[in-house]
Amino acid sequence: MKPDELRKLDAYFKRTFMNQALQVKARPRKSDSCELYLGDEFLGIIDRIEEEGEVSYNLAMAILDIDLE
C-alpha cells in the first residue's frame with residue numbers, strides 16, 4: 001500500500017477506537033495489505049480490495065482461545 005493510504009488507515013483506527021497506541025504498518029514484500037498493531041502486539045491484517053473501481057479494506061483478526069481467559 002502507498003504511504004498515504006497507510007497514514008489514512010492509521011488515523012482512521014486511532015480515531016474510531018479512540019486509541020493512539022494503534023499502529024498501521026506496511027508489510028515487507030506485500031503491496032496489497034498492511035498490518036495492525038496495538039503497541040508491539042500484532043492484531044491483524046488489513047487487505048486492500050479494489051472491485052469495479054471502488055476501494056475497500058478488510059481487517060482479518062484471529063483471536064486465540066487462550067486470549068479469552
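Residues numbered from 1 in each chain as written. Predicted model: local features only at pLDDT ≥ 70, side-chain atom pairs only at ≥ 80, totals over all residues. Heavy atoms only, no water.

Caption draft 1: Region of interest: a nonpolar patch on the surface. Nonpolar side chains collect at one region of the surface, where Leu59, Met61, Ile63 and Leu68 lie side by side and expose about 420 Å² of accessible area between them. In this fold, Leu59 is placed in strand E4 (residues 54-60). (Patch = residues over 30% accessible without salt bridge, like charges linked within 9 Å, V, L, I, M, F, W, Y side chains within 5 Å. Areas by Shrake-Rupley, 256 points an atom, 1.4 Å probe, with all protein chains shown as cover. Salt bridge = Lys/Arg side-chain N within 4 Å of Asp/Glu carboxyl O. Helix = DSSP H or I, 4+ residues; strand = E, 2+ residues; numbered from the N terminus.)

Caption draft 2: Spatial organisation of the pattern of salt bridges. Using the criterion set out here, one finds six salt bridges in the structure. We note a salt bridge from Asp4 to Arg7, for which the minimum N-O separation is 3.8 Å. Residue Asp4 and its partner Arg7 are located together in helix H1 (residues 3-16), separated by three residues, close to a single helical turn. The exposure class of Asp4 is partly exposed, given its relative accessible area of 39%. For Arg27, the salt bridge goes to Glu35, with nearest N and O atoms at 3.8 Å. Accessibility expressed as a relative area gives 24% for Arg27, which makes it partly exposed. We classify Glu35 as buried; its relative accessible area is 16%. Bridged by salt links that share partners, the residues Asp4, Arg7 and Lys8 form one connected network. (Buried < 20%, exposed > 50% of the residue type's maximum accessible area, 1.4 Å probe, protein only.)

Caption draft 3: Summary view of the pairing of strand E2 (residues 33-38). Across the six residues of E2, five count as buried, placing the element largely inside the fold. Here strand E1 (residues 22-26) pairs with E2 via five bridges, running antiparallel. Counted as the bridge partner of Val24 is Leu36 from E2. Counting the residues between successive antiparallel strands, the hairpin from E1 to E2 contains six residues, one of them, Arg29, with a positive phi of roughly 65°. Connecting E2 to the antiparallel partner strand E3 (residues 41-51) that follows it, the hairpin turn spans two residues, and Gly39 within it adopts a positive phi of roughly 65°. (Pairing = 2+ DSSP bridges.)

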